[in-house]
Structures are given as C-alpha cells and as structure tokens.
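Read off the chains here:
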Amino acid sequence: MAAVLEEIALLLELRDENPFKVRAYRQGAETVRNFEGDIVRLAAEDGLKGVKGIGEALRDKLRELAATGRLEFHENLRAEFPEGLFALFDLQGLGPKKVKLLHDTLGVGSVADLKAACESGKVAELPGFGAKTQAKILESIALHDRSAGLFLLGDVTPLVASILDTLRLHPEIGLVAVAGSFRRAKETVHDLDFLVSTREPRLVCEDFTTLPEVESIIACGETKASVRLKNGIQCDLRAVSNAQFPFALQYFTGSKEHNVAIRSLALKKGFSLNEYGFTATSPDAVVPDDIHEERDIYRFLGLQFIEPELRENRGEIEAAADHALPRLVAVENLRGTFHNHTTASDGRHTLEEMAEEAMELGMQYLGIADHSKSTTIANGLDEERLLAQVAAIRDLNAGFGGFRLFAGSEVDILRDGSLDFEDGILSQLDYCVASVHNLFHLTEDEMTRRICRAMENEHVTMLGHLTGRLLLKRDGYAVDHQRVIDCAAETRTIIELNCNPWRLDMDWRWWKRARDKGVLCSINPDAHSTDGLHFLGIGARLARKGWLARGDVFNARPVDDVAAFFATPKSKR
Ligand code: DGT
Ligand code: CA
Ligand code: CA
Ligand code: ZN
C-alpha cells in the first residue's frame, strides 16, 4: 500500500499537480510504512479514521486497495504514461523533475530511449543537465543493465522461509531444502532453487505451482517445476528420492566452480559424481552405501564438511583436505552491535525503543551512532545535541539491569580525512564509527588516503561501510581495499561489515584477507528502525561467507570485554 501511494505521488509530480497533493500521498506512504499494527485489515474494514497523516481521500483509496488489491485511480494515472517510464525512477540520480523534462522534451519513455538520447548527446543540452550529468546517467544505465534480474538476499529471505514452511506441511514431502546461491549467501541472487524428497514427484511439482506466492507457471514436469513469483523472481523445484537427496543438495547448492573442483577430486579417487550419486569409474572402486547426508559425501572424499557459504572454490577445498577450515561464527554468537541510528538523526525509533528491541533480541548491549553535523540531510547532531545524547544514554544505563547502551557517533570523514568532531568531543564517547558520506568522485588514491587518515585517529574505533555501495543501485566509490585493510591492522581499527541488505559492505571477498592480518570485524546493521536490528541474521551469514570465526567478530564479545576494549588505547588493543 505504501508503494502504491509513493508511486501516485511520483505520477502526480510528473503531471505537475499541486505540490500539497503530492506531499499528502508521500506523507500517507510514510504513515502506512511506519504503522504499528495490521494496517491492511484496518483499511479494508474502513477503520483508518483518526489516523494522523491519512486524510479522507487517502482513506477511501486505501480501503479500495486493501479490500480488492487494486486501485482504479492509480491504474488510470499509470495508463497516462508509457510503461517503460517507471524504470527510469530506478536509475540513481534521476528524480521526477528530470524524468518529466526528459519525457516532455525528448519523448523519453524507457531506459532504452534514455540511453539513445544520452549517446546522441541530446541530454547534455537540456537545461540543468550538462555533459557530466549525461555521463553519470550512462553509468547508472550500465549498472541497471548489470543488475537486471537480480534480487537482494535480504529481500528474498522472508519469502524463502515462508515457502520452506509451506513445503514442509505437504504430506507427500519428506526432506526440504533451499539450495543455489541463496544457500551460499550470495549478496544477490538470480533465482531460487528448492529441493524436496518424495515418492510422488509429479504430484509435488504440480502442487508447487499452486503456492500462493506464484504469479505464473514456467514449466511443470515429472521431477521438476519452475514458476515466477509475484515479486518477479523465478523459483525452481527438484523432486528426488530420499537416497538422492544429499547428492542433489550438494549439486544444486553449487557453486558451479566448487562442484567442478569436487567432481575432479572424486574422479581422482575413481568415481564420477553427479546429482544422483557416485558411480565407479575404475574396477577396484567400491561405491559407498552409507551416504545419508551431504556431510557424508565430503567425508567420503577425505574432506572436512564445507559449509555452503564457503563453496565458491576460493581455497575451501584445499583447507578442508587439511582439516583447516575455520569454525564459522553464527548469529547466536552475537552479543550486541554498534552502528545504529535513532530519531535524533534519521532513525525512526527513539533511544528507549531501540534499547528495548535489542533487549528483546537477547542482546547484552547496543551501540548508538547517529550521524554527525555535516550530514545535514540526515539531521546530523552537532556537539551540543551529541553531548545531550551521551548524557541521556548515561541516565538510561543507570536504570537498566544487565543491559548497556554504548554512546557513539557515526562521524563523517571530511575531504582531507579529518573528522567532523574535534578530539575533545570524540574522547567523551565510548566509541566512534567513521564513515564517508560525500565526495564519492575522488580518485582511488585520494579516497584511500582520506580513509586511512581517519583510521589513524585515536578515537576512531571502527570504519563504517567501506565503499558506500548500494547493491543493484550504486557502485561503491574507488578505494584500495588492500591498503585500507593494512592500515586497519596497523592502527588497530575495526572494520564494519555493514549488514543493511543494500550494503553488505565491506564485501565478503575481502574478509579472509582482513582476518589473516588480524583485523577485527564488527557486524553492524546500520539500523534506522527497530526492524533494522534484525539484519544481524544476514550479517552473520555474510561474515560466514567471509570465513570469519567467532573470535574474528568484535560484537561476539561479552559486554565487559567490549567496555574493557574501549577503555584501552588503540595501540594496546
Ligand atoms: P544464481 O545465478 O544466483 O541463481 O546462482 P546459482 O548458483 O543458484 O545458479 P543456478 O540456479 O543456475 O544453479 C544452481 C546450482 O546448480 C549451481 O550453483 C550449481 C548447479 N549447476 C547448475 N548448472 C550447472 C552446470 O552446468 N554444471 C555444474 N557443475 N553445476 C551446475
Ligand atoms: Ca539459483
Ligand atoms: Ca536455478
Ligand atoms: Zn553511514
């Protein structure tokens, strides 16, 4: 419902409607999104009277939408513009004003139109555009094309959980698993791969195509089915026997590169391996009859069990042969987390509400790190407001039993690598997260030096979202990861694994190197609401993908160890 209201606001803007009207829809979307309770049911029953931020006109529309799943007003508005125009809003840096101008003056109605217009140089000539903007738009289009058909791991996680739950209820289904890139915790996935064991594969495949999430059926056969879900993602199902299940699970989990290496290892031992089992390729090879789960396949090949997150053929097979794989961190190991916002800057919940949710989740501590004064669009705190927040945190701590808030700041790294607050202010905090939020265009060398200089500050406890990337939306700025990791090791600065599903930054491919240098990781949700704290689950999965053990993760430490760490000078940590 919020998305529809949001889109109506955009469409009204395209139509040059009264800004007050536009704002009413945007405000309505915000209210719907933040509503505590079952807003769909309430709207369907016409029970939204008196809800602040939703006027009478919106109320009627929400009722229609909640009750029927459609809104005629919205559909009519949409029909006034070419279908392809909406994709333009997904491009970084294009707001409604620019889209409108492109549409009205150049007749741009799709991403393809826009690409052609940029390539012919016409976009640069429009008022308020210029050559730089035109080049930026072309970059955004390239990213858009690369991202086509990809979905965020964080977005599909609840969907996968719900499909697994439904499959488990089926009377003809025994074992159930999700395989593929999802099981390996890739930051983005193309499609979802489900696997079940059954004696009735055909029936199970047919029933799979009738799941409530299904939009359309792509294929339905004897042992496999493919469907497209309502959110656009494709889902494949394979139905196998109990005996085949471990082999199929191993095969369909991938990655392809991992499987190729595993298969060639099997061949060296005299067996071919596929999704159905082992077959002897030499006369003296004896096919095992004790493979009951995936683990048994690895054991038979002389390997330690390789967790799915590690299966990318990046050294895991060699390590497994040496029995040298790390024991990976688990979300249950996490005791708290450090990069979280409140209503003081751009968060949606208060200090108290964030603390309450953290306690609810079983955390021992929660670090608060609101924006600093230079990030004005996020209502960054100046010195006075920050110190008032520190005092409020100290007061709250006095009243908690066995839980603790840590007072921090997400302090902006300025252009030259100096910080948004003086040392005299920073020294009054428990810790600080330093992040880059502007001047993304600096050269790789300038950006690297800027970040390293910030890490050299005694008060910078950890580095926030290293590259600033937004998955599928915006590439990170240029920065030399290797140099930053070396500098973090030298200065004893923690690096954050920002586990907001859009970021997952620093990228999993760099953590093993950081770990080897002795750099600690802090898994931080960058929570802007109580819901955001739940991102820790996906954060733990990405940390596992980065080969991290409990000892590599700072926020797996108990509260007293954390407090002692903060009280120790960096050089002694
Ligand atoms: P994606 O692109 O996000 O869906 O990534 P995956 O890894 O889920 O890829 P997908 O869905 O095409 O296939 C699932 C797994 O099945 C893949 O990780 C490994 C296995 N697989 C698929 N095709 C092949 C193949 O041609 N050779 C081998 N060795 N394995 C394959
Ligand atoms: Ca897949
Ligand atoms: Ca697939
Ligand atoms: Zn930030």
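Our subject in this report is the structure included herewith. (Residues numbered from 1 in each chain as written. Chains lettered and ligands numbered in written order. Predicted model: local features only at pLDDT ≥ 70, side-chain atom pairs only at ≥ 80, totals over all residues. Heavy atoms only, no water.)

## Quick notes on the overall build of the chain
Assigned secondary structure in the chain consists of 24 helices and 17 strands. For 573 residues, the compact-globule estimate of 2.2 N^0.38 gives 25 Å, and the C-alpha radius of gyration of the chain, at 26 Å, lies within 12% of that figure. Across its three principal directions, the C-alpha atoms of the chain cover 80 × 65 × 55 Å. Looking at the chain residue by residue over its 573 residues, the buried ones come to 51%. A fraction of 66% describes how many contacts in the chain between residues 6 or more apart in sequence connect residues 24 or more apart. Surface exposure of the chain reaches about 26100 Å², of which carbon and sulfur atoms provide 50%. (Helix = DSSP H or I, 4+ residues; strand = E, 2+ residues; numbered from the N terminus. Rg over C-alpha atoms; globule rule 2.2 N^0.38 Å. Buried < 20%, exposed > 50% of the residue type's maximum accessible area, 1.4 Å probe, protein only. Contact = heavy atoms within 4.5 Å. Areas by Shrake-Rupley, 256 points an atom, 1.4 Å probe, with all protein chains shown as cover.)

## Side note on the coordination of the calcium ion (ligand 3)
Protein coordination of the calcium ion (ligand 3) is provided by Asp191 (OD), Asp191 (OD), Asp193 (OD) and Asp236 (OD), with donor distances spanning 2.2 to 2.9 Å. Counting along the primary sequence, the residues that act as donors to the calcium ion (ligand 3) give the motif D-x1-D-x42-D. A separation of 3.7 Å is found between the calcium ion (ligand 3) and the calcium ion (ligand 2), both of which receive a donor from Asp191. Of this pair, Asp193 sits in strand β4 (residues 191–198) while Asp236 sits in strand β7 (residues 234–240), and the two are 43 residues apart along the sequence. A relative accessible area of 16% means that Asp193 is categorised as buried. (Donors = N, O, S within 2.8 Å, 3.2 Å for Na, K, Ca; no water.)

## Regarding helix α21 (residues 481–491)
Since there are 3.6 residues in each turn of an α-helix, residues three or four apart along the chain are aligned in direction. Looking at α21, one finds that the buried residues are His481, Val484, Ile485, Cys487, Ala488, Ala489 and Thr491. Tucked into the core, α21 has its buried residues touching α20 (444–455), β15 (462–463), β16 (494–498) and α22 (511–516). Remark: Arg492 follows α21 within two positions and exhibits a positive phi of approximately 55 degrees.

## A closer look at the pairing of strand β17 (residues 521–524)
A regular strand places its side chains so that they alternate between the two faces of the sheet. In β17, alternate side chains face the same way, and those of Cys521 and Ile523 on one face and Ser522 and Asn524 on the other are all buried. Relative to β17, β16 runs parallel, the two being bridged by four bridges. Its bridge partner lying in β17, Asn498 is registered against Asn524. Tracing the backbone out of β16, into α22 and back to the parallel element β17 gives a crossover that is right-handed. (Pairing = 2+ DSSP bridges. Right-handed = clockwise from strand over helix to strand, strands pointing away.)

## A short note on the coordination of the calcium ion (ligand 2)
Taken together, Asp191 (O), Asp191 (OD) and Asp193 (OD) make up the protein donors of the calcium ion (ligand 2), found 2.1 to 2.8 Å from the metal. Given six donor atoms and angles of 68 to 167 degrees at the metal, the environment of the calcium ion (ligand 2) is assigned as irregular. (Tetrahedral: all angles 85-135°; square planar, octahedral: opposite > 155°, others 65-115°.)

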